[in-house]
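Descriptive analysis of the structure
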Amino acid sequence: NSKVIQTPRYLVKGQGQKAKMRCIPEKGHPVVFWYQQNKNNEFKFLINFQNQEVLQQIDMTEKRFSAECPSNSPCSLEIQSSEAGDSALYLCASSLQGANERLFFGHGTKLSVL
Amino acid sequence: QQQVRQSPQSLTVWEGETAILNCSYEDSTFDYFPWYHQFPGESPALLIAIRPVSNKKEDGRFTIFFNKREKKFSLHIADSQPGDSATYFCAANTGGLSGKLTFGEGTQVTVIS
């Protein structure tokens, strides 16, 4: 059973609305990843953190995506103005030592943008 | 561009057969190659992984074969069981601990009895 907790499981938004999802990594895991998995099962890396610091992120050129992992609070991923193309499963994963070790995934937040 | 190519897209095997899934990559800096599986409605989970110092890694019925020269690696599922039916993803990492996993496109495996 996954110990990475993602909320909500399902999120329905209208176009232009904000969409925010949260992730509690497995206890003691300092590295957190966000991936987008589309309906074709393709993974797209979004961003990763070590503790509160960003390690890598994609070029969120539209600046609609933002993410943070504050100390003592859940990590979050927010889409400022949702678009239909954002509809996907957003997966959070955590790791003890980063991408060269096992990633533990949450069940994801399924975002539907109507 | 960092890419991992996976084939076939889908695979159906009889119970007891060996399923073979293939992946290839171009970036020679990749240094960690895991396979994840994902059952419908579930989260991806690590199945088995290999590092380039080895050309083979076994874990029960699951074996990774790695060919560094050809930049290819494969997953063999021996004695396939219906419970193995899932989508399998190969992946690769460069950038060490601060890197990110790049996933293949996935292979949907169906084992029929």
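Every value quoted in this text rests on a predicted model; they were computed, and no experiment measured them.

**A closer look at the overall build of chain B**
- The number of helices and strands found in chain B is zero helices and 11 strands.
- Walking chain B from its N terminus toward its C terminus, one meets helices and strands in the order β-β-β-β-β-β-β-β-β-β-β.
- Rg of the C-alpha trace for chain B: 13 Å, near the compact-globule value of 13 Å for 113 residues, within the 12% margin.
- Taken over the C-alpha atoms alone, chain B extends approximately 40 × 30 × 20 Å along its principal axes.
- Burial status across chain B gives 48% buried among its 113 residues.
- Pairs at least 24 residues apart make up 53% of the contacts formed inside chain B by residues separated by at least 6 positions.
- As displayed, chain B offers around 5400 Å² of accessible surface, 47% of which is attributable to carbon and sulfur atoms.
- Distance between charge centres in chain B, computed from 10 positive and 12 negative side chains, equals 10 Å.

**Section: the sheet that holds strand β3 (residues 19-24) of chain A**
Residue and element names in this part refer to chain A.
- Spatially, β1-β3-β8-β7 is the arrangement adopted by the four strands of the open sheet, whose pairing is antiparallel. The outermost strands of the open sheet, each flanked by one partner alone, are β1 (5-7) and β7 (65-68). Neighbour to neighbour, the strand axes of the sheet diverge by 15° on average, direction disregarded.
- Of the strand pairs in this sheet, β3 and strand β8 (residues 75-79) are connected by five bridges, and their pairing is antiparallel. In the sheet register, alanine 19 faces β8, and the bridge partner there is isoleucine 79.

Rules of the game
- Residues numbered from 1 in each chain as written.
- Chains lettered and ligands numbered in written order.
- Predicted model: local features only at pLDDT ≥ 70, side-chain atom pairs only at ≥ 80, totals over all residues.
- Heavy atoms only, no water.
- Helix = DSSP H or I, 4+ residues; strand = E, 2+ residues; numbered from the N terminus.
- Rg over C-alpha atoms; globule rule 2.2 N^0.38 Å.
- Buried < 20%, exposed > 50% of the residue type's maximum accessible area, 1.4 Å probe, protein only.
- Contact = heavy atoms within 4.5 Å.
- Areas by Shrake-Rupley, 256 points an atom, 1.4 Å probe, with all protein chains shown as cover.
- Lys, Arg positive; Asp, Glu negative; His and termini not counted.
- Charge placed at Lys NZ, Arg CZ, Asp CG, Glu CD.
- Pairing = 2+ DSSP bridges.
- Axes fitted to C-alpha atoms, helices over the stretch in contact; angles between N-to-C directions.

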